[in-house]
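Overview (structure and organization)
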There are 4 protein chains.
Amino acid sequence: MKDIFRKEDLKRKPEGFSSFRSRLHEIIFESETREGRLFDILLMVMIIMSIATLMLETVPSYYAKYREVFLILEWTFTIFFTIEYFLRIYTVYSPRYYMTSFFGLVDLFSILPSYLTLLVPGMHSLMIIRALRLMRIFRIFKLDSFIDQGNLILNALMESRKKIMVFTIFILIMVCIFGCVMYLVERDVNENFDSIPRSMYWAIVTITTVGYGDISPSTPLGQFIATIIMLMGYVIIAVPTGIVTSSLMQNKKTALYNISCPNCAQDGHDKEAKYCDRCGFPLYDPE
Amino acid sequence: MKDIFRKEDLKRKPEGFSSFRSRLHEIIFESETREGRLFDILLMVMIIMSIATLMLETVPSYYAKYREVFLILEWTFTIFFTIEYFLRIYTVYSPRYYMTSFFGLVDLFSILPSYLTLLVPGMHSLMIIRALRLMRIFRIFKLDSFIDQGNLILNALMESRKKIMVFTIFILIMVCIFGCVMYLVERDVNENFDSIPRSMYWAIVTITTVGYGDISPSTPLGQFIATIIMLMGYVIIAVPTGIVTSSLMQNKKTALYNISCPNCAQDGHDKEAKYCDRCGFPLYDPE
Amino acid sequence: MKDIFRKEDLKRKPEGFSSFRSRLHEIIFESETREGRLFDILLMVMIIMSIATLMLETVPSYYAKYREVFLILEWTFTIFFTIEYFLRIYTVYSPRYYMTSFFGLVDLFSILPSYLTLLVPGMHSLMIIRALRLMRIFRIFKLDSFIDQGNLILNALMESRKKIMVFTIFILIMVCIFGCVMYLVERDVNENFDSIPRSMYWAIVTITTVGYGDISPSTPLGQFIATIIMLMGYVIIAVPTGIVTSSLMQNKKTALYNISCPNCAQDGHDKEAKYCDRCGFPLYDPE
Amino acid sequence: MKDIFRKEDLKRKPEGFSSFRSRLHEIIFESETREGRLFDILLMVMIIMSIATLMLETVPSYYAKYREVFLILEWTFTIFFTIEYFLRIYTVYSPRYYMTSFFGLVDLFSILPSYLTLLVPGMHSLMIIRALRLMRIFRIFKLDSFIDQGNLILNALMESRKKIMVFTIFILIMVCIFGCVMYLVERDVNENFDSIPRSMYWAIVTITTVGYGDISPSTPLGQFIATIIMLMGYVIIAVPTGIVTSSLMQNKKTALYNISCPNCAQDGHDKEAKYCDRCGFPLYDPE
């Protein structure tokens, strides 16, 4: 299979690509080799730790005590991610493609806020964009069938997206009507139902069976209406479940091929795909 | 197919129907043409905006600030809907049929409250009837298969309506019994369980797993009984889900034909229907 | 079919049974005839109204206002139910059988408390046993297929009762362990976790996703553990649903024959049953 | 079948094994005989009572009143379990194997804390490990098909463990993102959202539809975002249900053979297993 693509690959592979650069490419973008796998795991650990740092930093008691530790950790992660970002640009065949791809932008925006804080304070929290990088976690499990299983679920949800939309619109109309009715019933005696938007917030809290209790009806009539919306929510929850279950059971296994494009770093190609579906570069590398 | 109905159509079509009126009819009632589709989308936007206005108006802080804006917006929408209502009467073959149909009444009652407020203050909130007009939203997606998907769900629910009713009666009997038991157990120590209706309200809040917490048992025995009703609710929720899922999986696609009757504006006919199932007018128009 | 049983029926039918008594029997116990159906509906209305009376009586404000009305209503219902009870005894072939059957006892215990209150005050609330009589409501819908649908659900639950028991024991062991862990973690700082039984109550409130909020963890570690039990509850709810759904889908329609035994008033016989499964009396009456 | 194993059994059976010891082995480890079954039931009752004692002891009012009763009960259970533990060691062929097995360790750790309390106070609560012994409860129901049903559920969960993991990771990423967003939106006005970890705790409480209400959004924007996460949770709960249902429906009955290994007391062998899968000892005993 690989031989078929050899000629085209040679044609399109950038000239200045040393074998060192090719190896580095394999380590960073693929996880077939032992080094590639190790790099992916290291990266995941760094991302998780950097997110944990970001979170713990917001706890006032920790911040007071470990202010310096947080500062050091944060810049360690930022510098690591910056180096990684430039290595990705260096080793991909077509940097421009990579930089404008979804993960390319996520990679960029997850290091930018650290530098921006030096100029404008308060940009700090934007670093949470790093959480999106966690979606790369599925690459590590590539050799296992995690991706396949995830795709199965995703397909089932995709297939039933119209049913789910119709269902959601129905829920929203119900919420609209019940929110207004409750506003009319409770507004005079219950200061929590002081506007229709708040009543609708209450209706959603109730129909989804979350039930915070920060807003709850106090008149007998209000409680009776609340009872109806609860029973509705209890029965209606059967609908999305039925939709997804029947869709999951009719689904065949459709596996996606998990090699990343050497040119633009696009992921998740079809198993029979020969060319990248984003930039058209051949997926099999002759090296 | 259209040719078959030509003669009957000509017979029953009102005489004074100019081609302008016919065009207008198509724009307002159908969404096959580009203009018809545009009109439907415009109408949806107007309805959503008018509902949003109605809601935001009830927020005290907004009302204080934007009182005039709300007044202007509200009358704009009312006038638009009034014109639309009269155009519908003008372009439908049989206005009497349309005016007594479900959507005809909804259309009327969604403009009436604005005018009534001029005479009797406080009728205002009745305008929420406009929310029901949102059900027309599914017409816009006609060309897609949203209607079909919605009908699939509806059929599944319809098919299992007897099972769901039996289930609901069972839940209500349980709620009755648990409500009374909790009243007997908690009434002396917990002022929240001061009557059986309130205890039943609590039982429904609990069995549906909503759990506001505005009323909760305080005696050990009460908490033990609460525990039983919770576990019951947790297991019993499986029943409606099972019902809807098995019904959804056995369902075949049954598509409804979505042309509206030119005579009485009735919607949602069967795909093979040749005549309106409300007034008997032929559904296919020779124009 | 009826002819086959004629001889045996004549043999076992009590001698003093006038045709008036037979008619009365049909009206009270069956709902095939118009009068029988009317009687059943009247009975349901009386039961529902008597339960409603009993409930509203416990609302302090109503009781203060309508004390006399409640008293009159209550005795009206009691006298009606007493007459009905004696008519049932009079018209059934074997009163002893009827009086010791489930519904016979329910019928008796739903009138006794009213009379007992005359001797011992406070027995009043026992009247709620009347709620169990509501289960007769399904008889009214006999001609429809409600019973069949109810049996389908019941069969599905019965078939999977072992799975549900294993599942419930698993839940209880989890609740045990999480309850103890939370008690150890929170007892020093949170007065709501002051004993293991209360912690277990909290664990059940959480795992069933009811979530009152009357008891909630306050330490970070406690909140972390709570998070685990919540996610478990969220995923585990899939198990009973899966069990009931798969059982419902494999179920065939098994219809029960709904004639009540003329001898002992036993209900719910199998469709092919020729004799009562409680007293052996033939089910088909030659009259 | 038993004859086939006779020779090997004789070879490996320890020499000093009297027929009394063999009988005792059968009573303690098996539940095929009447005595074995009685012993298992007695053991269960003792475990449940000892757990109940442990729990009620933590209720301050009970502890004050029944301090001595608790002390006596606790030592009764401890001594019973100690004797039982040594009998197990005495009657198993290979004590070393049993003592290092899962249940062997649970048995040991459920009696150790009582003795440790004599030296170090406060070790008391560790006795809750006894709850794990409850898992032996399924042995009692051996003759019934409870084990099979439990295995069916377990298999279904095992088969779909990858799907459930992918789903859980997805939920956690969502929780991460929503937790941060809510922290940014609410931190200035709502002291309950004072750190990202607490916001994430709130997000999990909400997405699982538990909804304590100890933390709830107070700004309109925060409530709007909360609304989205609730609707997501409401629809997403369909995914694990769909996974487990479809897996349960494709599952065939796979029965495990429930004889315990006479050598090391390992449980739950496959139905066709001839040798223990932990120590290799033949499962059929010639006695």
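What you see is a predicted model, and the numbers here were worked out from it, not measured in a lab.

So, the packing of aromatic side chains
The tally for this structure, following the rule as stated, stands at 28 aromatic pairs over all chains. Plain terms: the ring middles of B:F193 and B:W202 are 5.5 Å apart, the flat faces sit at 70° to each other, and that makes the pair edge-to-face. Comparing B:F193 with B:W202 shows no difference in burial state: the two are buried. Considering the side-chain rings of D:F80 and D:F81, the 5.7 Å spacing of their centres and the 70° angle between planes classify their relative orientation as edge-to-face. Three or more aromatic residues joined by ring pairs form one cluster here, namely A:Y85, A:F86 and A:Y98. Geometry around B:Y90 places B:R21 over its ring, the cationic atom sitting 4.5 Å from the centre.

With respect to the relation of the copies chain A and chain D
Between the two copies, chain A and chain D, the superposition gives an RMSD of 0.0 Å; the rotation angle is 90° and the shift along the axis is 0.0 Å. In symmetry terms, the pair is related by a four-fold rotation axis. A different interface surface on each copy is seen, since only 17% of the contact residues of chain A are contact residues in chain D too.

Considerations on the nonpolar core
Within the largest apolar cluster, 254 residues are counted, with the highest numbers of intra-cluster contacts made by A:W202, B:W202, C:W202 and D:W202. Sequence-distant contacts of B:W202, that is, excluding residues within four places in its chain, are made with B:M182, B:F193, B:I215, B:S216, B:P217, B:A226, B:I229 and C:Y212.

What about the packing of helix α2 (residues 19–29) of chain D against helix α4 (residues 60–91) of chain D?
All names here are of chain D. For the pair α2 and α4, the least separation of the axes is 9 Å and the interaxial angle reads 125°. With respect to each other, α2 and α4 are oriented oblique. The chirality of how α2 crosses α4 is left-handed. Side by side, α2 and α4 meet where R21, L24, H25, I28 and F29 of the first sit next to L87, R88, Y90 and T91 of the second. Split by residue class, the contact of α2 with α4 holds five nonpolar, two polar and two charged.

As for the interface of chain C and chain D
Taken together, the contact between chain C and chain D spans 43 residues of the former and 46 residues of the latter. Its largest share of buried area at the contact with chain D, chain C owes to C:K162, C:M230 and C:Y234, together 18% of the area lost on that side. For the pair chain C and chain D, the interface holds zero salt bridges. Between the two partners, chain C and chain D, sit six residue pairs in polar contact (both at pLDDT 80 or more). The set of elements that each furnish at least two residues to the side of chain C that touches chain D consists of α11 (161–186), α12 (196–207), α13 (220–236) and α14 (238–250) of chain C. Here the side of chain C that touches chain D takes eleven residues from α11(C), the largest share from any one element. Each residue belonging to the side of chain C that touches chain D can be placed in one class, and the counts come to 27 nonpolar, twelve polar and four charged.

What about the interface of chain A and chain D?
The interface of chain A with chain D comprises 46 residues on the first partner and 43 residues on the second. Together, the buried faces of chain A and chain D total about 3,800 Å²; carbon and sulfur atoms form 78% of this surface. In this structure, the connection of chain A to chain D is made through zero salt bridges. For the pair chain A and chain D, the number of links is six residue pairs in polar contact (both at pLDDT 80 or more). Secondary-structure elements contributing two or more residues to the side of chain A that touches chain D are α3 (34–57), α8 (137–140), α9 (146–159), α10 (161–186), α11 (196–207), α12 (220–236) and α13 (238–250) of chain A. Split by residue class, the side of chain A that touches chain D holds 33 nonpolar, eleven polar and two charged.

Some points on the domain arrangement of chain A
When the parts of a complex come together, some accessible area is lost, and that lost area is often taken as the interface size. Along its sequence, chain A is organised into domain 1 (7–142) and domain 2 (159–250). One C-alpha centre belongs to domain 1 of chain A, the other to domain 2 of chain A, and the line joining them spans 41 Å.

Concerning the side chain of A:K163
When you line up the elements, A:K163 lands in helix α10. No salt bridge is formed by the buried A:K163; its nearest oppositely charged neighbour, A:E159, is found at 7.2 Å. Among residues more than four places away in sequence, those in contact with A:K163 are A:I243, B:Q149, B:L152 and B:I153.

Details of the environment of C:I129
Residues and elements named next belong to chain C. Within the secondary structure, I129 is located in the loop between α7 (112–119) and α8 (130–133). Separated by 50 residues in the primary sequence, I129 and I79 place their C-alpha atoms 16 Å from one another. In this structure I129 touches V106, F109 and S110, once residues within four positions along its chain are discounted.

Overview of the confidence of the model for chain A
Residue and element names in this part refer to chain A. With 76% of its residues at a pLDDT of 70 or more, chain A shows a mean pLDDT of 78. Throughout residues 1–11 the model reports pLDDT below 50, and contacts reaching past four residues in sequence, or to other chains, amount to 14 contacts. Residue range residues 252–257 is modelled with pLDDT below 50. Its contacts to residues more than four positions away, or to other chains, number 18 contacts.

Structural notes on the packing of helix α10 (residues 161–186) of chain D against helix α11 (residues 196–207) of chain D
Residue and element names in this part refer to chain D. One way to put it is that α10 packs onto α11 with a least axis distance of 8 Å and a crossing angle of 125°. For the element pair α10 / α11, the angle class is oblique. Relative to α11, α10 is oriented so that their crossing is right-handed. Judged by residue contacts, I171, V175, C176, G179, C180, M182 and Y183 of α10 engage I196, S199, M200, W202, A203, I204 and I207 from α11.

What counts and how
- The numbering scheme is per chain: residues are counted from 1 as the chain's sequence reads.
- For naming, the first written chain is A and the first written ligand is 1, with later ones following in the order written.
- In keeping with the model being predicted, local features are shown solely for residues with a pLDDT of at least 70 and side-chain atom pairs are shown and tallied solely at 80 or more, while totals for entire chains, interfaces and linings include all residues.
- For side-chain calculations, the full set of non-hydrogen atoms in the structure is used, while hydrogens and water are omitted.
- Here a Phe, Tyr or Trp ring, Trp counted by its six-membered ring, pairs with any other such ring whose centre lies within 6.5 Å, and the pair is stacked when the planes are under 30 degrees apart, edge-to-face when over 60, and tilted otherwise.
- The rule is simple: take the accessible area with a 1.4 Å probe, protein chains only, and divide by the maximum for that residue type; under 20% is buried, over 50% is exposed, in between is partly exposed.
- Any Lys NZ or Arg CZ that is within 6 Å of a ring centre and within 35 degrees of that ring's normal is treated as a charge sitting over the ring.
- Fitting of the copies onto one another was done by least squares over C-alpha atoms, counting residues only where both copies have pLDDT of at least 70.
- Residues are treated as being in contact if the distance between any of their heavy atoms lies within 4.5 Å.
- In this description, a nonpolar core means a group of buried Ala, Val, Leu, Ile, Met, Phe, Trp, Tyr and Cys residues linked to one another through side-chain atoms lying within 4.5 Å.
- Only C-alpha atoms enter the line fits that serve as axes; for helices the fit covers just the stretch in contact. Angles between N-to-C directions range over 0 to 180 degrees.
- Numbered from the N terminus, helices here are DSSP runs of H or I no shorter than four residues, and strands are runs of E no shorter than two.
- Throughout this description, any angle smaller than 35 degrees is read as roughly parallel, any larger than 145 degrees as roughly antiparallel, any in the 65 to 115 degree range as roughly perpendicular, and the remainder as oblique.
- Handedness of a crossing is defined here by the sense of rotation of the near helix relative to the far one, left-handed for an anticlockwise turn of less than a right angle and right-handed for a clockwise turn.
- Gly falls in the polar group here, along with every residue not listed as nonpolar (Ala, Val, Leu, Ile, Met, Phe, Trp, Tyr, Cys, Pro) or charged (Asp, Glu, Lys, Arg).
- Reported buried area values correspond to the accessible surface (1.4 Å probe) lost by two parts on association, with both partners' losses combined.
- The term salt bridge refers to a side-chain nitrogen of Lys or Arg lying within 4 Å of a carboxyl oxygen of Asp or Glu.
- In protein, a polar contact means a hydrogen-donor-capable atom and an acceptor-capable atom, both N or O and within 3.5 Å, with residues adjacent in sequence counting only if both atoms are side-chain atoms; elsewhere, any N or O pair within 3.5 Å suffices.
- Throughout, the edges of the domains are those of an automatic or database domain assignment.
- We treat Lys and Arg as the positive residues and Asp and Glu as the negative residues; His and chain ends play no part in the count.
- A residue's pLDDT is the confidence the predictor assigns to it, expressed on a 0 to 100 scale.

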